[in-house]
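Fold and contact review
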Amino acid sequence: MRDVSTWREPVPPQGTMGEPLARGRFGAYGGRYAPESLVEACREVDEAFREAWADPGFRGALARLLAVHAGRPTPLTPADRLSEALGVRLYLKREDLTHTGSHKINNVLGQALLATRMGRRRLIAETGAGQHGVATATAAALLGLEATVFMGERDIERQAPNVFRMRMLGAEVVPVTTGSRTLKDATSEAMRHWVGVTGDSHYCVGSVVGPDPYPWMVREFQRVIGEEARWQCAVELRTGVPDHVVTCVGGGSNAAGTFAGFADTPARLVGVEAEGGAGVARGRLGVLHGCRSLFLQDDDGQITPARSIAAGLDYPGVGPEHAHLRDLGRARYVTVTDDEAVGAAVRLARTEGIVPALESAHALAWVIREAGGDLPAGSTVLMTLSGRGDKDVPTLKELL
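All values derive from a computational prediction rather than experimental measurement.

1. Observations regarding the side chain of Arg158
- Summarising the element assignment, Arg158 is placed in helix α6 (residues 153-158).
- Note on Arg158: relative accessible area 14%, which makes it buried.
- Of the polar contacts made by the side chain of Arg158, one reaches the backbone oxygen of Ser308; its length is 3.1 Å.
- A polar atom in the side chain of Arg158 sits 2.6 Å from the side chain of Asp314.
- With near-sequence residues (within four places) excluded, Arg158 lies in contact with Thr182, Ser308, Ile309, Ala311, Asp314, Lys391 and Thr395.

In structure tokens:
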């Protein structure tokens, strides 16, 4: 173990996962492309967040909730048997062990506290895999708020356990029957609904997408993943930081939170997208859900559907900061197939006794595929296990 008695957290270089530039820009991406009826609501959220984030009382209250309710800090688990088989040293940042079973609770507790500070009585949310919806319903119940969650009809069918959990927690689940009936359409419906209820409701965006300040705000609420992992790696690794930091990427909140802890280190940052939902790998510049980023589009500029076995990666784009990190060359974005993800989930279950969410299994699939290649033998790899696989048991049961 490394002696950290004199170690201090470095300050990230300006422009690398710090505060965005004017108007919420990350390089060529970001911004606040909101309907006129939502511009003022976004300004209010921006002002409230800046004030709260500078308030030690707010941050202390959030830290306490993350500890006593969500169960932070989450452990850094060495995957010993799998590491031996792959020839690399793999460590798992265990967000699957948080209350509600994924990283989503970090962001939602922050936004729910912010909503109460703003005098809002209801949370609105979108969800794909259901984990953000469950976290929103949980935080609402904890703080005495109402919750309305929009979810695509297709996702409701394949994520039935999470739908039941949301309703048991007291949330209203609104089926979305338009378009592809998945996460993109749920997000669109949630934003449309917010237009008419901005006075008493807060839109709790689930990822680093949407109009400014959401991409920055959500990343800051998820930064706790990277900060914890940075200290844990400083203790566990002789070099202090891993050679590679790998996460799955849909909209990209768990990746942004993890990368924020390592952006100023020599670690290589790798985001793994679903083959059928690769916003960074195959996206084109466009505007969707209030921000300018990379999105799957046809030749006429129309958004095309994303396809992934993992509902949480079924989004046709990526958060603007990820697009910026790609342009800077600071992070690399790759893809894996559904079959590779399923195979990785089974392998982790049978070597480490951990059933991962199919979203997280995408990151693991890339590690398995590239061990001995892009991941040289003997290298150290930190992978964020963003969620547990309970929700995916019905899907896996059909395939295995």
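Next comes the rest of the description.
2. Quick word on the sheet that holds strand β8 (residues 201-203)
- As summarised here, the arrangement of the four strands in space is β7-β6-β5-β8, forming an open sheet in which the pairing is parallel. Two strands close off the open sheet at either side, each with one partner strand: β7 (172-176) and β8. Within this sheet the neighbouring strands show an average axis-to-axis angle of 20°, counted without direction.
- Direction of pairing for strand β6 (residues 146-152) relative to β7: parallel, over a ladder of five bridges. Note that in β7 the partner of Gly152 across the bridge is Val176.

3. Some words on the layout of surface pockets
- Looking at the largest pocket, its volume works out to about 250 Å³.
- Residue lining of the largest pocket: 14 residues in total, with Leu62, Ala63, Leu66, Val224 and Glu227 positioned closest to the centre.
- Taken together, the residues that form the lining of the largest pocket break down as eight nonpolar, no polar and six charged.

4. Some remarks on the packing of helix α13 (residues 338-352) against helix α14 (residues 358-370)
- It is the contact of α13 with α14, at a shortest axis distance of 7 Å, that shows an interaxial angle of 90°. By the criterion of interaxial angle, the relationship of α13 to α14 is roughly perpendicular. In this structure, α13 contributes Asp338, Glu340, Ala341, Val342, Ala344, Ala345, Arg347 and Leu348 to the contact, and α14 contributes Leu358, Ala361, His362, Leu364, Ala365, Ile368 and Arg369.
- Classifying every residue of the contact of α13 with α14 gives 10 nonpolar, one polar and four charged.

5. Considering the side chain of Asn162
- Within the secondary structure, Asn162 sits in helix α7 (residues 160-168).
- Engagement of the side chain of Asn162 in a polar contact is seen with the backbone oxygen of Ala129, the distance being 3.0 Å.
- Side-chain polar atoms of Asn162 contact the side chain of Arg165, separated by 2.8 Å.
- Setting aside chain neighbours within four positions, we find Asn162 in contact with Ala129, Gly130, Gln131, Val134 and Lys391.

6. Comments concerning empty space enclosed by the protein
- Summed over all chains, the structure comprises three cavities of 30 Å³ or more.
- Considering only enclosed or pocket space, the largest cavity measures out at about 380 Å³ in volume.
- In terms of lining, the largest cavity is formed by 31 residues, of which the most central are His103, Lys104, Leu183, Gly312 and Leu313.
- If you list the elements that add at least two residues to the lining of the largest cavity, you get β5 (122-127), α5 (131-143), α8 (183-195), α10 (253-260) and α14.
- Here the lining of the largest cavity is built from residues that sort into eight nonpolar, 19 polar and four charged.

7. Observations concerning the pattern of salt bridges
- With the rule as written, the count across this model stands at 34 salt bridges.
- Of the charged contacts in the structure, one is a salt bridge between Asp96 and Arg94, with a shortest N-O distance of 2.8 Å.
- Linking Glu189 and Arg192 is a salt bridge whose minimum nitrogen-to-oxygen distance equals 2.5 Å. Placement of both Glu189 and Arg192 in helix α8 is noted, with a separation of three residues, approximately one turn of the helix.
- For Arg192, a relative accessible area of 53% translates into the label exposed.
- Connected via shared salt-bridge partners are Glu19, Arg32, Asp46, Arg50 and Asp212.

8. Brief notes about helix α1 (residues 36-53)
- If you check α1, its first and last C-alpha atoms are 26 Å apart, about what 18 residues at 1.5 Å a residue would give, namely 26 Å.
- For α1, the full list of buried residues reads Leu38, Ala41, Cys42, Val45, Asp46, Ala48, Phe49, Ala52 and Trp53.
- Packed against the buried residues of α1 are α2 (56-68), α4 (104-117), α8, β8 and α9 (214-236).

About the thresholds
Chains are numbered independently. Their residues run from 1 in the order of the written sequence. The predicted origin of the model limits local features to residues at a pLDDT of at least 70 and limits the giving and counting of side-chain atom pairs to 80 or more, whereas totals for whole chains, interfaces and linings rest on all residues. Calculation of side-chain values draws on the structure's entire complement of heavy atoms; hydrogens and water are dropped beforehand. Note on conventions: DSSP H or I runs of at least 4 residues are helices, E runs of at least 2 residues are strands, and numbering of each starts at the N terminus. Think of it in three bands: with a 1.4 Å probe and only protein chains considered, a residue is buried below 20% of the maximum accessible area for its type, exposed above 50%, and partly exposed in between. Whenever two N or O atoms come within 3.5 Å, that pair is a polar contact, provided that in protein one can donate a hydrogen and the other can accept it, and provided that, for residues adjacent in sequence, both atoms are side-chain atoms. Any two residues having at least one pair of non-hydrogen atoms within 4.5 Å are treated as being in contact. For two strands to be treated as a pair, DSSP must find at least two bridges joining them. Axes here refer to lines fitted to C-alpha atoms; in helices the fit is confined to the stretch in contact. Angles between the N-to-C directions go from 0 to 180 degrees. In the cavity and pocket records, a cavity denotes points on a 1 Å grid over the protein atoms alone where a 1.4 Å probe fits but cannot get out, a pocket denotes an open set with protein on both sides within 12 Å along at least 5 of 7 lines, and lining residues are residues with an atom within 4 Å of a point. Grid points are joined across faces, edges and corners, and a volume is the space filled by probe spheres set on the points. Amino acid classes used here: Ala, Val, Leu, Ile, Met, Phe, Trp, Tyr, Cys and Pro are nonpolar; Asp, Glu, Lys and Arg are charged; the rest, including Gly, are polar. For classification purposes, angles smaller than 35 degrees are called roughly parallel, those larger than 145 roughly antiparallel, those between 65 and 115 roughly perpendicular, and all remaining angles oblique. The salt bridge definition used is simple: a Lys or Arg side-chain nitrogen within 4 Å of an Asp or Glu carboxyl oxygen. The span expected for a helix works out to 1.5 Å for each residue beyond the first.

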